[in-house]
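Reading the structure
Below are the chains, spelled out letter by letter.
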Amino acid sequence: QVQLVESGGGSVQAGGSTRLSCVASGNTASQKCMAWFRRAPGKEREGVASIHTINGRALYHETVQGRFTISQDNAQNTVYLQMNNVASEDTAVYYCAARKATGLDSLRGCGTHDDFNYWGQGTQVTVSS
């Protein structure tokens, strides 16, 4: 019902910035939680950031707090991840994901520990030094 396509991955210098984009299509109106996840080689997937597309509340993993910003453009059905001051530890495949929001999500924001139903194909971000 929902298709997600990421773009913007590539190589970036340590300390630099880049922005990832995720374009959603299909039955997007009901999927009110959007999030970015990442997986580094040999490591488990971890949630990076999420946003409730109605009230705009964003949540961040502690490792990216203050460096990354998630935002949305509902008119374009797009969610972004602005990555500033990147470090080698940020090297990973980044995935866009979506799910329906619960009543609790409307208050607290969309936790990335919850199961997401729709996933993009992923885009590689490599931080070089």
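Read on for an overview of the structure.

**Quick look at the packing of aromatic side chains**
The final tally for this structure, using the stated rule, is three aromatic pairs. Summarising the aromatic geometry, the rings of F37 and F116 are spaced 5.2 Å apart at their centres and angled 80° between planes, so their arrangement reads as edge-to-face. Of this pair, F37 sits in strand β4 (residues 33-39) while F116 sits in the loop between α1 (103-108) and β10 (118-119), placing them 79 residues apart in sequence. Between F116 and W119, the aromatic rings sit 6.5 Å apart at their centres with planes inclined by 65°, giving edge-to-face as the arrangement. According to the relative accessible area criterion, F116 is buried, its value standing at 8%. A cation sits over an aromatic face here: R45 above F37, 5.2 Å from the ring centre. Above the ring of F116, the side-chain terminus of R99 is found at 4.9 Å from the ring centroid.

**What about the pattern of salt bridges?**
Taken as a whole and judged by the stated rule, the model has five salt bridges. We note a salt bridge from R38 to E46, for which the minimum N-O separation is 2.7 Å. On the accessibility criterion, R38 (5% relative accessible area) is buried. On the basis of relative accessible area, E46 is assigned to the partly exposed category, the value being 28%. Between R99 and D105 there is a salt bridge, with the nearest N and O atoms lying 2.5 Å from each other. There is no split in this pair, since R99 and D105 are both buried. One network of salt bridges, in which partners are shared, links R38, E46, R67 and D90.

Each value, and the rule that gives it
- Residues numbered from 1 in each chain as written.
- Predicted model: local features only at pLDDT ≥ 70, side-chain atom pairs only at ≥ 80, totals over all residues.
- Heavy atoms only, no water.
- Phe/Tyr/Trp six-rings, centres within 6.5 Å; stacked < 30°, edge-to-face > 60°.
- Helix = DSSP H or I, 4+ residues; strand = E, 2+ residues; numbered from the N terminus.
- Buried < 20%, exposed > 50% of the residue type's maximum accessible area, 1.4 Å probe, protein only.
- Lys NZ or Arg CZ within 6 Å of the ring centre and 35° of its normal.
- Salt bridge = Lys/Arg side-chain N within 4 Å of Asp/Glu carboxyl O.

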